[in-house]
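Residue-level listing of the chains:
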Amino acid sequence: MKFWFGKLTWASLPHEWFTIGGALSMVLAGLGIFVYLTYTKKWKWLWQEWLTSTDPKKIGIMYFVVAALMLVRGGLDAGMIWLQQSLASGSGGYLTADHFQQIFTAHGTIMIFFVTTGFLFGLMNYILPLQIGARDVAFPLLNTLSFWLYAAGALFINLFFFFGGEFAATGWLAMPPLSELEFSPGVGVDYWIWSLQISGLGSLLSGVNLLVTILKMRAPGMTLMKMPMFVWTCLGSLLLVVSTFPILTMTLLMLSLDRAFGMHFFTSNLGGNPMLYVNLIWSWGHPEVYILMLPAFGIYSEIVATFSRRRLFGYGSLVADALLISGLSMLVWLHHFFTMGAGANVNAFFGIMTGLIAIPTGVQIFNWLATLYKGDPRFTSAMHWFFGFVFTFTLGGMAGVMLGIPGLDFQLHNSLFLVAHFHTMVIGGALFGIFAAITYWFPKVTGFLLNEKWGKRAFWLWIAGFLVSFTPLYILGLMGVTRRLDHYDASRGWQGLFMVAGLGFIIICVAVCAQIWQIIVSIKERKQNQDQSGDPWDGRTLEWSTSSPPPVYNFAVIPEIKNRDAFWDMKVSGQVDKLVSGQANKQYEDIVMPKNTAVGIYISAFLFLVGFAFVWHIVWLGAVGFVGAVTCVIFRSFDHHTEFTIKSEDVAKMESRGLKEIWQLKQ
């Protein structure tokens, strides 16, 4: 039995209220989807059109779907945390201490690795090839594999509901010695490790793929200094991905070797050193913050330029800032543990680096404001998210500079002040950037605009909920309240502020409901808000030169780039008018595109089995998974029929209808 099932026993099946509830809810959701697809006979459509697609636009949408589902999961964890802390004054609350720590760990892990990262990689997949004038990414097979590894990791992090009954109770970075086998003998930490290993491999492969796409697949004439700012900030982010994710992979591998084979890389005895883990995990972890933030900066640059109706002020300095932030982000990791005894000189160096990295970030904000000042801004809902970002990010940035001073950090370290700062940066920066991007590029993806009225209502609810939620945490942190606190004495007088923070969470939930209603209303009104021009905002970059949504090949004729803001330059010079009026007789050519493939699904499934085998010590299953993944790669290497051709006459038919509609609108 041990050979076949390893550590897996009947006791590993769901037996507590939260594992039973989680497992049942997922099973019921799965059954509902199964019944719907069977009833509507859409299994074949789903497989052929989406699951096996190599189109980066469809892959980007699938990233968004999985990230949205994980946002719900992480949001539920956040609600449980706030409710526990609101009720735990002088009592144990409704959660055990261990269960609270599991929820705390899952919330942080899910929000960073599977929500924000998923949304941003989805956005890069959809927008980057369009902005650089490319028909596809550099490695289509690698792209679909990257997504399915991410999806497999998202599934793996929820697998403990079905097998194991517990998740890691270590905090979202699983610091030793707490994450070592002596203090966490269950499988929760192993689930944490292998969910991140699987999804992290997908992130690394996607980083390599998109980086090569930017460097090698730009349209003719698009030099580096003619690239849109979103492309530049993604370039900086992707350079960090390929530089730091190998650190995460090897760090987690060493931790898993500690747990599975009794090695002592990070143990407190037998030659191990927990501080080695702390250094390694934060040398990945702080650049990870900027991996998430830099694309958001690019999103704001695109939105500000478009809705100000002018070129970005200080384009060169914005490029330099993005690259400088990427470099400096590698030199600030130690400010996360100023209190660990590294010494005054080391602390001083990293404190100075922390202050320096605030400078290029501030320069970007001033450049955006200068663009607005010299322009003619339209205050759409996308611009609302930008202004919300400026306010919250400035607040969080000032708190970050405070934490970057070693003397102050000695007082504020490990307190709720730090938690509030981190959420201010990630929510106010990255998440607001994602919401702004969804509003801005939604008509490009769907062909119709989002409802502006409900978008602005959702924004104001988010701002109100955010301030009500996290302002009390700043105050509590200054009062000495530590993070990961599952209960406290009533005499402390903290409960009122915790309850105010809980009220803020309720307001955020209302804001999310407003966003969902915004989408529902927009779908109902899609005929009135239809975008037939492909350019509803009078945009400046190449994605707005295509139809909405774009065809599978993006561009029938690869554009030639002469200036920055390529599409705006085409409109000003009259090239677009010539094209749509039929004055330019384009001779379309055959277009070669990659075929759909399920290889990414199969490889991810086999690696999923490898992770499961490591968690439960099932040797034969790990061997099957590894051999299966390698076999898939070998078989794929012998497949020489991986592309199909769209004939020129078919391209002409597809394009003529779209061009006719655009010309009618212009008339």
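Preceding this section is the structure that the text describes.
Rules behind the numbers
Residues numbered from 1 in each chain as written. Predicted model: local features only at pLDDT ≥ 70, side-chain atom pairs only at ≥ 80, totals over all residues. Heavy atoms only, no water. Helix = DSSP H or I, 4+ residues; strand = E, 2+ residues; numbered from the N terminus. Rg over C-alpha atoms; globule rule 2.2 N^0.38 Å. Buried < 20%, exposed > 50% of the residue type's maximum accessible area, 1.4 Å probe, protein only. Contact = heavy atoms within 4.5 Å. Axes fitted to C-alpha atoms, helices over the stretch in contact; angles between N-to-C directions. Parallel < 35°, antiparallel > 145°, perpendicular 65-115°, else oblique. Left-handed = near helix turned anticlockwise from the far one by under 90°. Nonpolar A, V, L, I, M, F, W, Y, C, P; charged D, E, K, R; others polar. Arc of directions from axis to C-beta. Salt bridge = Lys/Arg side-chain N within 4 Å of Asp/Glu carboxyl O. Phe/Tyr/Trp six-rings, centres within 6.5 Å; stacked < 30°, edge-to-face > 60°. Lys NZ or Arg CZ within 6 Å of the ring centre and 35° of its normal.

Check the secondary structure of the protein chain and you find 21 helices and two strands. Relative to the 2.2 N^0.38 estimate, which gives 26 Å for 667 residues, the radius of gyration of the protein chain is 25 Å and therefore close to what a compact globule would have. Expressed as lengths along the three principal axes of its C-alpha atoms, the size of the protein chain is roughly 75 × 60 × 50 Å. Buried residues in the protein chain amount to 54% of all 667 residues. Residue pairs in contact within the protein chain that sit at least 24 positions apart in sequence constitute 82% of those at least 6 positions apart.

A few words now on the packing of helix H9 (residues 274-308) against helix H11 (residues 344-374). Between two packed helices, the angle of one axis relative to the other and the distance separating the axes together describe the packing. Following both chains from N to C, one finds H9 and H11 inclined at 15°, their axes separated by 9 Å at the closest point. The orientation of H9 relative to H11 falls into the category roughly parallel. Once H9 is placed against H11, the crossing between them reads as left-handed. Listed contacts from H11 to Tyr290, Phe297, Tyr300, Ser301, Val304, Ala305 and Ser308 of H9 are Ile357, Thr361, Gln364, Trp368, Thr371 and Leu372. Looking at the contact of H9 with H11, its residues break down into eight nonpolar, five polar and no charged.

Before going further, it helps to spend a moment on helix H17 (residues 566-573). Among the residues of H17, those classed as buried are Ala566, Phe567 and Met570. For H17, the angular spread of buried residues about the axis comes to 100°, placing them on one side. Within two residues after H17, Gly574 carries a phi angle of roughly 85°, on the positive side.

What follows covers the pattern of salt bridges. For the coordinates displayed, the defined rule picks out nine salt bridges. Lys57 is the partner of Asp55 in a salt bridge, and the nearest nitrogen-oxygen pair spans 3.0 Å. A residue is classified by how much of its surface remains accessible, and Lys57, at 4% relative accessible area, is buried. Among the salt bridges present, the one from Arg311 reaches Asp565, with a minimum N-O distance of 4.0 Å. With a gap of 254 residues between them, Arg311 in the loop between H9 and helix H10 (315-328) and Asp565 in the loop between helix H16 (495-524) and H17 connect regions that are remote in the sequence. Residues participating in the shared-partner salt-bridge network are Arg311, Arg540 and Asp565.

Running from N to C, helix H4 (residues 56-87) and helix H5 (residues 97-131) point in directions that differ by 155°, and their axes come no closer than 7 Å. On the basis of their axis angle, the class for H4 and H5 is roughly antiparallel. Helix-helix and strand crossings are classified by hand; for H4 and H5 the assignment is left-handed. Looking at the contact of H4 with H5 residue by residue, the classes come out as 25 nonpolar, 10 polar and three charged.

To continue, consider the packing of aromatic side chains. According to the stated counting rule, one finds 59 aromatic pairs in the structure shown. With a centroid separation of 6.0 Å and 80° between ring planes, the pair formed by Phe245 and Trp284 is classed as edge-to-face. Residue Phe245 is found in helix H8 (residues 229-261), and its partner Trp284 is found in helix H9; the two are separated by 39 residues along the sequence. Trp284 shares its class with Phe245; the two are buried. Measuring from ring centre to ring centre gives 5.1 Å for Trp333 and Phe350, while their planes differ by 70°; the resulting arrangement is edge-to-face. Within this pair, whereas Trp333 is found in the loop between H10 and H11, its partner Phe350 is found in helix H11, the two being separated by 17 residues in sequence. One aromatic cluster is present, formed by Trp82, Trp385, Phe432, Phe435, Phe459, Trp460, Trp462, Phe466, Phe470 and Phe505 through successive ring pairs. In this structure, Arg457 packs its charged tip against the face of Trp454, placed 4.6 Å from the ring centre. A cation over a ring is seen here: Arg564 above Tyr315, with NZ or CZ 3.9 Å from the ring centre.

Moving on: the side chain of Arg73. Topologically, Arg73 is positioned in helix H4. Under the relative-accessibility criterion, Arg73 is labelled buried at 12%. If near-sequence neighbours (up to four positions away) are discounted, Arg73 is found in contact with Ala106, Ile110, Asn158, Phe160 and Phe161.

Among the secondary structure elements, Trp194 is positioned in helix H7 (residues 188-216). Residue class for Trp194 comes out buried when judged on its relative accessible area of 12%. Taking C-alpha positions, Trp194 is 33 Å from Gly397, a pair spaced 203 residues apart along the chain. Discounting chain neighbours no more than four positions away, the residues touching Trp194 are Phe156, Ser256, Gly611, Phe614 and Val615.

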